[in-house]
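What follows is each chain in one-letter form.
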2 protein chains.
Amino acid sequence: MAEQIEFDQAHQTLQEVSEALENGRFVYVRRQLQDMEPEDIAHLLEASPRKSREVLWQLTDPEDYGEILDELNEDVKDGLVSKMAPEKLAEATEGMDTDDVAYVLRSLPDDVSREVLSQMDTADRLRVETALSYPEDSAGGIMNTDFITIRGDVDIDVVLRYLRMKGELPEATDALYVIDDEDMLIGHLSLATLLTSQPDVKVADVMDDADEAIHVETSDSDVASLFERRDWVSAPVVDSQQHLVGRITIDDVVDIIREDAEHSMMSMAGMDDDEDTFAPVVKSARRRSVWLGANVLAALAAASVSNMFEATLEQMAAIAILMTIVPSMGGVAGNQTIALVIRGLALGHIGDSNRRELLLKEAAIGLLNGILWALIIGGIVVAWKSNWVLGGIISAAMLTNLVVAGIAGVTIPILLKKLNIDPALAGGMALTTITDVVGLSVFLGLATLLIT
Amino acid sequence: MAEQIEFDQAHQTLQEVSEALENGRFVYVRRQLQDMEPEDIAHLLEASPRKSREVLWQLTDPEDYGEILDELNEDVKDGLVSKMAPEKLAEATEGMDTDDVAYVLRSLPDDVSREVLSQMDTADRLRVETALSYPEDSAGGIMNTDFITIRGDVDIDVVLRYLRMKGELPEATDALYVIDDEDMLIGHLSLATLLTSQPDVKVADVMDDADEAIHVETSDSDVASLFERRDWVSAPVVDSQQHLVGRITIDDVVDIIREDAEHSMMSMAGMDDDEDTFAPVVKSARRRSVWLGANVLAALAAASVSNMFEATLEQMAAIAILMTIVPSMGGVAGNQTIALVIRGLALGHIGDSNRRELLLKEAAIGLLNGILWALIIGGIVVAWKSNWVLGGIISAAMLTNLVVAGIAGVTIPILLKKLNIDPALAGGMALTTITDVVGLSVFLGLATLLIT
């Protein structure tokens, strides 16, 4: 059976389960859930409204809890975990990766998290406590501790026999790590090298050296960009003394890449990237109102500018009718530039060396599009309002505002980044305020000078 | 040496090379480039303004061209490739993956691409022509043809000896594919299983079966979501008769995930996700003006609404001053909803079964935030303009517009998707037009009724 068919079936199952749930056919749903993979149950939970989600969780086999929690979106995970008893949670952690257990514990109140830890067996607890000692968004926070180490002075044949004896490799293992007597990482032996080397050569003679190890304090975004550039499947993590402390695998990195990219998109609209599609109304409304509050200030700033020209507005209603066009075009053009710059900053393409170049380029684009739209809008206004002066004024304001939008679109995100403020979150709002104020000032100012 | 240090060095190299280039120290730059990994040269090229980019390309060892082209952003790749002679390009393709060669050829004029193909050796040409026969955004378009096949009836020991004889495995190999006499995929043997099985067992007895194969026509986004959910490192691709035709590896999937996520962010700002940070001014200006043109229509629609209330605006300048606040808040609130819905659609969380739930939730959030900001803005207006009626009018308009924004924010992207129009691209503009028109109509309409 080809995967396309299986993929379509997954969508269909989702539909069927939701319907069965609505009709109260719980036995049927429980049976369906038993046949599903944990990652598909996670997807079903994410795609379900909150009410159904809790019922589905009750109907799921608790044995799968760990693996499902591993796959869930953070907001959804928090919601389910907050309702579980500590001993149930401790049981569930047995099926989870160390980094995911650490994540779940971080989101719990201190006393609950201590209780869950106390219910875990000693080896697991130590591993989780180590993970908890690193920041959540560092290599230490996303690494796992399941890897295979070997010595450099043994033969390939010995390694092969050792693996056969073990009978199983940790998930996504593509290399064994070579350490010395003091647990220092001295190299790694990829499975490909292991399989293509002669049985009687020493590991040290065919292994790759250890200069590719990730330091435990490297930020998760830097880890992601290393994986992306080097096409790694997994990589060892070392502390400052080069001791091997963990391993990061591509599946965790894929999550980071997706989250980073989603973060930019959601932030630009003033949203939290953890936001659950079916979050509770009051919680969502509160989160979002912060952003609306920022926009009130921006809108009031624009209104204050118009207010300064009250006399002009009183004299000619056409000015009031047309005054929103220039700010609107400036906002759209500036946001195009900001999207480009935010992506460039995230990918590490923009730095001190090319900032000036970028500024000139965006200003030039603003100038070109400014000329184009100044002519078109000017023409429309002359035709509509039969007023050549008004047409000239709107053209001049349009040209100015699109150039300002290009310059502000480059400057604002770079400046915010230097100030350690997230450019994706604050950039668009700051830009719109500037293009609104400049657009209105120039348009209304010129109108005051030339018409009234 | 820990990777953190290497990572910082990469940034420093970028800075040094740019400076050396500006000072015309070409010999130094050439030497630096020789010491760099192809993926780092690709990053340097992407982060360089267009002028420097061409100089850097000239200074790069042509032997690395293939691997560098593999790693480049599409727009940047197109720019460099369009200036290369067909025979140089044919040489460069020798270092490239089949899917990347196909990508490059697709972007060239037909006669040039035919000439490049004719310069390649027969085996490579056949592989590339096969890749070209599938759509670019399907599994067939992103798969590679370098994989290892084995038979099910041989012993593990035979496989081990075969691999040692080969001496090398294709990149990111985590499994060997088991086929029958007719090239039909019957299973796969992971390297982990190969390493942990006894030498005398048959492959067929320990292999996993073939139900995880991806069909060659599956879309690339579906491929990416399968990899993400199943935590795969690589997966076999089969045609409708279950013949093994290729292999997809995680590094290509990571690119798709990043591109899909960037697509949403860039599209929402009206930008092309392939857009090179340093694209030529005229080309960028032309691309972006299409979007500005759409916004002109939206802005003119809003102006036409104000135009209908010309008499009201003439009577009271305060109305003109305040009339931009309600549309602005509606636009921001609606864009929050749209970002959430677009992400939900992309992740497959939103379907027929939960649409109503989502609509009610977003309308309720609009109502709550509508009440909050109606009170605040109403209060501000009463305090500022000492006019209770005007305060009441703006409150009523605000409340209406935020509820409309919530409903439109859910409805528009879902509707666009049904019509096969990209919701990320067209959603925001359609929404802003609606919130502008509704906000202005209600505010100016009530003002006309109650004040003038």
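Here the structure is a predicted model, which is why all the values come from computation and not from measurement. (Residues numbered from 1 in each chain as written. Chains lettered and ligands numbered in written order. Predicted model: local features only at pLDDT ≥ 70, side-chain atom pairs only at ≥ 80, totals over all residues. Heavy atoms only, no water.)

**A look at the domain arrangement of chain A**
- With domains assigned, chain A is organised as domain 1 (3–137), domain 2 (149–266) and domain 3 (281–450).
- Here the C-alpha centre of domain 3 of chain A lies 45 Å away from the C-alpha centre of domain 1 of chain A. (Domains from an automatic or database assignment.)

**What to know about the UniProt feature "domain: CBS" (unreviewed entry) in chain A**
- According to UniProt, the positions carrying the feature "domain: CBS" (unreviewed entry) are residues 143–206 and 207–265 of chain A.
- Annotated as residues 207–265 of chain A, this span is 46% helix and 25% strand, and its ends, taken at the C-alpha atoms, are 42 Å apart. (UniProt positions renumbered as here; feature names shortened; annotations may be inferred. Helix = DSSP H or I, 4+ residues; strand = E, 2+ residues; numbered from the N terminus.)

**Focus: the sheet that holds strand β5 (residues 214–215) of chain B**
All names here are of chain B.
- Spatially, 3 strands are ordered β5-β6-β7 in an open sheet, and the strand pairing comes out mixed. If you trace the sheet from one side to the other, it starts and ends with β5 and β7 (244–249), each paired once.
- Alignment of strand β6 (residues 234–238) against β7, held across 5 bridges, turns out to be antiparallel. Of the residues in β7, the one forming a bridge with valine 237 is glycine 246.
- Along the sheet, helix α15 (residues 220–230) contacts β5, β6 and β7; its crossing angle with β7, the most-contacted strand, is approximately 65°. (Pairing = 2+ DSSP bridges. Contact = heavy atoms within 4.5 Å. Axes fitted to C-alpha atoms, helices over the stretch in contact; angles between N-to-C directions.)

**With respect to the pairing of strand β3 (residues 185–190) of chain B**
Residues and elements named next belong to chain B.
- With 5 of 6 residues buried, β3 is to be regarded as a mostly interior element.
- Here strand β2 (residues 175–179) pairs with β3 via 5 bridges, running antiparallel. Along β3, the bridge assignment pairs valine 178 with glycine 187.
- Counting the residues that bridge the hairpin from β2 to β3 gives 5 residues, and of these aspartate 183 lies at a positive phi of roughly 65°.
- Pairing analysis gives 2 bridges linking β3 to strand β4 (residues 208–209), with the strands arranged antiparallel. (Buried < 20%, exposed > 50% of the residue type's maximum accessible area, 1.4 Å probe, protein only.)

**Considering the sheet that holds strand β1 (residues 149–150) of chain B**
- Overall, mixed pairing links the 4 strands, which are arranged β1-β2-β3-β4 (chain B) in an open sheet. The open sheet has two edge strands with one neighbour each: β1 and β4 of chain B.

**Considerations on the relation of the copies chain B and chain A**
- Least-squares fitting of chain B to chain A yields an RMSD of 0.1 Å, with the transformation described by 0.0 Å of translation along the axis and a rotation of 180°. The transformation relating the two chain copies, once decomposed into turn and shift, fits a two-fold axis. Taking the C-alpha atom as reference, chain B places Met265(B) closest to the rotation axis, 2.2 Å from it.
- With an isologous cut-off of 70% or more, the 99% of interface residues of chain B that recur at the interface of chain A puts this contact in the isologous class. (Least-squares fit on C-alpha atoms with pLDDT ≥ 70 in both.)

**What about the packing of helix α3 (residues 38–46) of chain B against helix α4 (residues 50–59) of chain B?**
All names here are of chain B.
- Between α3 and α4, the least distance of the axes is 9 Å, while the angle of their chain directions is 155°. It follows that α3 is roughly antiparallel to α4 by the angle criterion. Seen from α3, the contacting residues are Leu44, Leu45 and Glu46; seen from α4, they are Arg53, Leu56 and Trp57.
- Its residues placed into classes, the contact of α3 with α4 shows 4 nonpolar, no polar and 2 charged. (Parallel < 35°, antiparallel > 145°, perpendicular 65-115°, else oblique. Nonpolar A, V, L, I, M, F, W, Y, C, P; charged D, E, K, R; others polar.)

**A few points about the environment of Gly379(A)**
- One can find Gly379(A) in helix α21 (residues 355–385).
- Classification of Gly379(A) by relative accessible area gives partly exposed; the value is 38%.

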